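Chain and residue survey
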Amino acid sequence: MGSSSDVKATLGDLERESFTALLSKLIGEARYVQNNPPDLIPQEDRIVRHVLDSLLPLSTSTGGGPLVVSHVNYHPNRGNLIVEYPGTVPGKILSFVGMHMDVVTADPSAWEFDPFSLSIDGDKLRGRGTTDCLGHVALVTELMKRLGETKPNLKSTVVAVFIASEENSSIPGVGVDALVKDGLLNKLKDGPLFWIDTADKQPCIGTGGMIPWKLKATGKLFHSGLAHKAINPLELAMEALKEIQTRFYNDFPPHAKEQVYGYATPSTMKPTQWSYPGGGINQIPAECTISGDVRWILTDILYSVTDVVKKLQEYVDDINANIEKLDSRGPVSKYVLPDENLRGRLSISFDEASSGVACDLNSRGYHVLCKATEEVVGHVKPYSITGTLPLIRELQMLLLVNTGLMATYHAKNEYCLFSDMSQGYRVFTSVISQLED
């Protein structure tokens, strides 16, 4: 095929009737792909079935076309799908990854319309998964279908990876983690890789890493009417956390590069949960635990997981060694009982951390994406978020943001706009065509 304009002309625009017909089938399965174990375990193969209905007739499996389709299951009824349109130049590749086939839960009684069937209101396409992420599944299916139908002579192999189990990772070894472990996505590292699971039509060029932490405070249980005989772990935890946060923000302050990447917030360390063993209202408990997370940005450009964990542990060790100096609350609040040789103490533990990514702003993929976005949307304003996505660092990917609506992600009355999806399709075709030059 000749110029990039020829590629775009061949692939055309998103066909509304075909897209909405497929999306209607997918939203009709949304009830069965809600992901909230142990009560709701999705059956992503219900989505796979509809995608295969569209693509298998154009595949090498049936002899009907060039698409190479691989259905990969690690758990029953929970498949992933890898679809390839072969190019002519060995090793030249681009990929669209992350279109996940599970959804978050929806309570029909709280919605203004049925979340589990597609309803159309002008430009609005309404239902659970329209924005996150069954709309993306339908969109990329239509793209691969068009490639299979028109058979453009491309230098690049175009790969689409539809994944299971993105919304909840409590059951491991189901989705992209297993695909990466088995090396099935290794070759995608040879070219630009675009993650299709974000929104608002602008390139997302960075994410945050996350370190889940638990801070346990141990004191001395006693009657609340005799507070001078207790070590109150609740007060200890609150004051210790304040000190830890103060030190964290001193050691990891905002950085000028955050503005270059367009992060809305700097790195943060904060509590999100509180627990204690229980007891009466008149009882100071023996222990409590505050849990939370660190969200940190520009991973390994500024600092690593190891740097952050080491610092947090140092804070806790220092507070324990100097616990008498920690601020207390009131005349009998204290963390040491010398007569009983008792000291309050803190311990911090960490669950598995996930790294973020800062995309290479000098990469071909970044410039192609920005040009495509400006060409289709009319302006380009890359941004970054401190949310995390699975295994993006391992895949060395660039993030693509261009179809759904951030305001309706995980929300009641979820919808997307067909006009946005249509623009997203044109961004995809522009990316493909530019990478041919």
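Conventions and cut-offs
Residues numbered from 1 in each chain as written. Predicted model: local features only at pLDDT ≥ 70, side-chain atom pairs only at ≥ 80, totals over all residues. Heavy atoms only, no water. UniProt positions renumbered as here; feature names shortened; annotations may be inferred. Helix = DSSP H or I, 4+ residues; strand = E, 2+ residues; numbered from the N terminus. Buried < 20%, exposed > 50% of the residue type's maximum accessible area, 1.4 Å probe, protein only. Areas by Shrake-Rupley, 256 points an atom, 1.4 Å probe, with all protein chains shown as cover. Lys, Arg positive; Asp, Glu negative; His and termini not counted. Charge placed at Lys NZ, Arg CZ, Asp CG, Glu CD. Pairing = 2+ DSSP bridges. Axes fitted to C-alpha atoms, helices over the stretch in contact; angles between N-to-C directions. Contact = heavy atoms within 4.5 Å. Phe/Tyr/Trp six-rings, centres within 6.5 Å; stacked < 30°, edge-to-face > 60°. Lys NZ or Arg CZ within 6 Å of the ring centre and 35° of its normal. Parallel < 35°, antiparallel > 145°, perpendicular 65-115°, else oblique. Left-handed = near helix turned anticlockwise from the far one by under 90°. Nonpolar A, V, L, I, M, F, W, Y, C, P; charged D, E, K, R; others polar. Polar contact = N/O pair within 3.5 Å; in protein donor to acceptor, adjacent residues only side chain to side chain. Core = buried A, V, L, I, M, F, W, Y, C linked by side-chain atoms within 4.5 Å. Expected span 1.5 Å × (residues − 1).

By the naming in an unreviewed UniProt entry, the chain goes by Acetylornithine deacetylase and is assigned to Eucalyptus globulus. Among the UniProt annotations of the chain, the heading Subunit (unreviewed entry) holds the following wording: "Homodimer." Quoted verbatim from the Pathway (unreviewed entry) field of the UniProt record, the comment on the chain reads "Amino-acid biosynthesis; L-arginine biosynthesis; L-ornithine from N(2)-acetyl-L-ornithine (linear): step 1/1."

Per the secondary structure count, the chain includes 11 helices and 19 strands. Expressed along its principal axes, the backbone C-alpha trace of the chain runs to roughly 85 × 45 × 40 Å. Residues counted as buried form 53% of the 437 residues belonging to the chain. Only carbon and sulfur atoms are counted for the fraction: they give 50% of the accessible area of the chain, which is about 18,400 Å². Between the mean site of the 41 positive side-chain charges and the mean site of the 52 negative ones, the chain shows a separation of 2 Å.

Time to look at the sheet that holds strand 13 (residues 287–296). Taken together, the four strands give an open sheet; going across it, the order is 11-13-9-16, and neighbouring strands pair in antiparallel fashion. The sheet is open, and its two edges are formed by strand 11 (268–275) and strand 16 (345–350), each paired on a single side. Within the sheet, the average angular offset between the axes of one strand and its neighbour, ignoring direction, is 25°. Contacts from helix 6 (residues 233–251) reach strand 9 (209–218), strand 11, strand 13 and strand 16 within the one sheet, and its direction differs from that of strand 11 by about 165°. Running over the sheet, helix 8 (residues 305–321) touches strand 9, strand 11, strand 13 and strand 16 and is turned about 170° from strand 16.

All right, on to the packing of aromatic side chains then. Tallied over the entire structure, the rule returns seven aromatic pairs. Ring centres of Trp111 and Phe113 lie 5.5 Å apart, and the angle between their planes is 90°; this geometry places the pair in the edge-to-face category. For the pair shown, Trp111 and Phe113 are each scored as buried. Each residue in the set Phe96, Phe194 and Phe428 is aromatic and connected to the rest through ring pairs, giving one cluster. The residue whose ring lies beneath Arg16 is Phe418, and the NZ or CZ to ring-centre distance is 5.0 Å. Positioned above the aromatic ring of Tyr415 is the side chain of Lys124, whose terminal nitrogen or guanidinium carbon lies 4.6 Å from the ring centre.

Within strand 2 (residues 78–85), eight of the eight residues are buried, which leaves it mostly tucked inside the rest of the structure. Residues Arg78, Asn80, Ile82 and Glu84 of strand 2 are buried on one face, and the alternating residues Gly79, Leu81, Val83 and Tyr85, pointing to the opposite face, are buried as well. In terms of strand pairing, strand 1 (residues 68–75) meets strand 2 through seven bridges, oriented antiparallel. If you follow His71 over to strand 2, its bridge partner there is Leu81.

So, on to the packing of helix 2 (residues 16–27) against helix 4 (residues 134–150). Here helix 2 crosses helix 4 at 135°, and the two axes come no closer than 9 Å. The pairing of helix 2 with helix 4 is recorded here as oblique in orientation. By crossing handedness, the relation of helix 2 to helix 4 is classed as right-handed. Contacts from Ser18, Phe19, Leu22, Leu23, Leu26 and Ile27 of helix 2 reach helix 4 at Leu134, Gly135, Val137, Ala138, Leu139, Thr141, Glu142 and Lys145. For the contact of helix 2 with helix 4, the per-class residue count stands at nine nonpolar, three polar and two charged.

Attention shifts here to the side chain of Asn413. Among the structural elements, Asn413 can be located in the loop between strand 18 (398–400) and strand 19 (415–417). Side-chain polar atoms of Asn413 contact the backbone nitrogen of Glu112, separated by 2.7 Å. Residues in contact with Asn413, not counting those within four places in the same chain, are Trp111, Glu112 and Phe113.

Once that is clear, we can look at the nonpolar core. Counting residues in each nonpolar core, the largest one holds 60 residues, and the members touching the most others are Phe19, Phe96, Val137, Met144, Val158, Phe162 and Ile432. The biggest single contributor to this core is helix 4, with eight residues. With near-sequence residues (within four places) excluded, Val158 lies in contact with Val83, Glu84, Tyr85, Leu94, Phe96, Met144, Leu147 and Ile432. Counting 28 residues, the second largest nonpolar core, distinct from the first, contains Leu236, Cys288, Ile290 and Leu346.

Let us now look at helix 6. Taking 1.5 Å of rise per residue, 19 residues should cover 27 Å, and helix 6 covers 26 Å from first to last C-alpha, within 8% of that figure. For helix 6, the elements touching its buried residues are strand 9, strand 11, strand 12 (283–284), strand 13, helix 8 and strand 16. Among the residues of helix 6, the N-terminal cap falls to Asn232, whose side-chain oxygen and the backbone nitrogen of Leu234 are separated by 2.9 Å.

Let's shift gears to the environment of Lys242. Among the secondary structure elements, Lys242 is positioned in helix 6. When its relative accessible area of 51% is taken as the criterion, Lys242 is described as exposed.

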